[in-house]
Amino acid sequence: MKRVRIVAMLLAGVLSVTSVPAVSVSAAKAPLSSGISSQQVSTVEAVTVKEAAATNKDAAKKETSKKTVKLGWVKKNNKWYYVTKKGNKTGWAKIDGQKYYFNSKGVMQTGLVTIKGKKYFFAQSGAMKTGWKHISKDWYYFEKEGYMKRGWKRLGERWFFLDEETGAMVTGFRVIKGRRYYFRKDGVMFNGPHTYKIGTRYFFFEKGGALTNTEGWKVSDLGNHFYTYKNGTVAVNTKIDGKIIDGGGVGVLDTSNEMDRIAQGYRSDTQYLVLANLDTHYLQIYKGNKGEWRRFKSNWEFSCGAPATRTPTGQFKLCYKNPSEYGWKDFTFCRAAYVYWTTAGFMLHTWLYDKYSYGDPEWEEIVDDRLGEDISMSCIRLSLEHAKWIYNNIPHGTRLVVIE
């Protein structure tokens, strides 16, 4: 019995010296219940502690690795990537207000890139660009959605054409759907109806831009008359159909009357043109259009501004009629009938009547009927018959040309 107590005491001492914090209660009882020695228990405890330490080290390493992953822009092997929590960004992405494109590996794209059959342009920064871009030796246009434009492109009132295969901006002559067009060095299409000088020759382009392909007289947007051939060129320095064609291709009626010749160079917003010569004091009215004016009323005598208040020369419009029944206008000491205002501020009206005249000027008292003199305050005075005809027949917007 004494011997048993001694063995128990020795075993208790060994257990008190060996600390086993990682072993469960059942493991601690194992040496007594299963016959495992204390040395074996210590070995199991050591292995368990070592494995726990290794596990904790791997977890710490993974945690450290997770904390060092950089998000956002990352440059690797001279290539740029955009990293998110889900990995590298691919496809289209909008970052800080700019659009970018990343390939299937997440590499940011630059330069010309084909995406689903359409070409896009990305700057060195990777940002997608729109509008005009000069690439290599040609200009290209990229729509607001980013893709390269091909074919016709309108910007404001200007037209451009981008090659249907390459997308490059076209310049010079170009045949498009069987019609011939011309594009300036900046790509702008010549539009018409208008005549342009290309090289040493003049060409007539129709409305819509196509070069004319018919022979005959054409009227430009400025009202000038041109004779064109089937190849689109304009006749110059010749005479056709009674018209003299100058070096710029403009054709006017061949006439020996100086005022008739002068009239051909002007246009009007109506079918009438009024031409007044201050030197001769004659006024003539024409009907037609620029280059086609034919005299309608001839050599109506008038008085004009005195030297101190000379009637201005130039181009004006007849713009407003005094609205009373006879168009009366009250001046300081007299009155005039059938008053027609011009855009320059002076008027066309009758000779002068007594200031108390209000009725039909045919029966009112005339106080000054002088014509053919420089006597007015810049207005053009006409006879009653002529002033009345202009007042009743010439519409607003008619061009008045005053020469001397």
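Before any of the text, the structure's been laid out above.
How each quantity is defined
- Residues numbered from 1 in each chain as written.
- Predicted model: local features only at pLDDT ≥ 70, side-chain atom pairs only at ≥ 80, totals over all residues.
- Heavy atoms only, no water.
- Helix = DSSP H or I, 4+ residues; strand = E, 2+ residues; numbered from the N terminus.
- Buried < 20%, exposed > 50% of the residue type's maximum accessible area, 1.4 Å probe, protein only.
- Contact = heavy atoms within 4.5 Å.
- Areas by Shrake-Rupley, 256 points an atom, 1.4 Å probe, with all protein chains shown as cover.
- Phe/Tyr/Trp six-rings, centres within 6.5 Å; stacked < 30°, edge-to-face > 60°.
- Polar contact = N/O pair within 3.5 Å; in protein donor to acceptor, adjacent residues only side chain to side chain.
- Pairing = 2+ DSSP bridges.
- Axes fitted to C-alpha atoms, helices over the stretch in contact; angles between N-to-C directions.

J.: Go over the overall build of the protein, please, and point to the residues and values.
T.: Across its full length, the protein holds five helices and 34 strands. A total of 404 residues make up the protein; the buried ones form 39% of that total. In the protein, once contacts between residues fewer than 6 apart in sequence are set aside, the share between residues at least 24 apart is 44%. Roughly 24,100 Å² of accessible area belongs to the protein as shown, and the carbon and sulfur atoms make up 51% of that amount.

J.: Go over the packing of aromatic side chains with me, naming the residues and quoting the values.
T.: Under the criterion given, the structure shown has 31 aromatic pairs. Plain terms: the ring middles of W92 and Y101 are 5.2 Å apart, the flat faces sit at 70° to each other, and that makes the pair edge-to-face. Their ring planes at 75° and their centres at 5.2 Å tell us that W132 and Y141 sit as a pair that is edge-to-face. With relative accessibility at 26%, the residue W132 sits in the partly exposed group. The rings of F173, Y182, F190, Y196, F203 and F205 are connected pair by pair, giving a single aromatic cluster.

J.: Describe unusual backbone geometry, naming the residues involved and giving the relevant values.
T.: Of note, the amide linkage connecting G192 to P193 takes the cis form, showing an omega dihedral of 0°. Backbone geometry places K116, a non-glycine residue, at a positive phi of 55°. Along the chain, K116 falls in the loop between β6 (111–115) and β7 (118–122).

J.: Before we move on, could you go through the environment of K243 and cite the residues and values that matter?
T.: Tracing the backbone through its elements, the reader meets K243 in strand β19 (residues 243–245). On a C-alpha basis, the gap between K243 and D254 in space is 5.1 Å, while along the polypeptide they are 11 residues apart. Sequence-distant contacts of K243, defined by excluding residues within four places in its chain, comprise W217, H225, T238, G251, V252, L253, D254, G291 and E292. At a separation of 3.4 Å, a polar atom in the side chain of K243 contacts the side chain of H225.

J.: Hey, could you go over the pairing of strand β23 (residues 294–301) for me, with residue numbers and the actual values?
T.: Sheet topology note: the strand β22 (residues 282–287)/β23 ladder contains five bridges and is antiparallel. By the bridge assignment for β23, Y286 is matched with R295. Hairpin connection from β22 to β23: six residues lie between these consecutive antiparallel strands, with G288 at a positive phi of about 140°.

J.: So what's going on with the pairing of strand β25 (residues 314–321)? Which residues, and what values?
T.: The sheet contact formed by β25 and strand β34 (residues 399–403) spans four bridges and is antiparallel. Looking across to β34, one finds that K317 is bridged to R399. Relative to strand β28 (residues 340–342), β25 is paired through three bridges, and the arrangement is antiparallel. When the bridges of β28 are listed, K321 appears paired with Y340.

J.: Please provide a residue-by-residue account of the environment of Y286, values included.
T.: Looking at the element boundaries, Y286 is found in strand β22. Taking C-alpha positions, Y286 is 8.2 Å from Q271, a pair spaced 15 residues apart along the chain. When residues no more than four places from it in sequence are discounted, the contact partners of Y286 are M259, D260, A263, Q271, Y272, L273, L275, W293, R294, R295 and F296. Within the local environment of Y286, its side chain forms a polar contact with the backbone oxygen of M259, the two atoms lying 3.4 Å apart.

J.: Tell me about the sheet that holds β23, and name the residues and values.
T.: The strand order across the open sheet formed by eight strands is β23-β22-β21-β34-β25-β28-β29-β33, and the pairing between neighbours is mixed. Each of the sheet's edge strands pairs with one partner strand only, and the pair in question is β23 and β33 (380–382). Adjacent strand axes in the sheet meet at a mean angle of 25°, parallel and antiparallel pairs treated alike. In the sheet, strand β21 (residues 272–277) pairs with β34 via five bridges, with the strands oriented parallel. Following the sheet pairing, L275 is matched in β34 by V401. Here helix α5 (residues 384–393) sits on the sheet in contact with β21, β22, β23, β25, β28, β29 (347–350) and β33, set at roughly 140° to β23.

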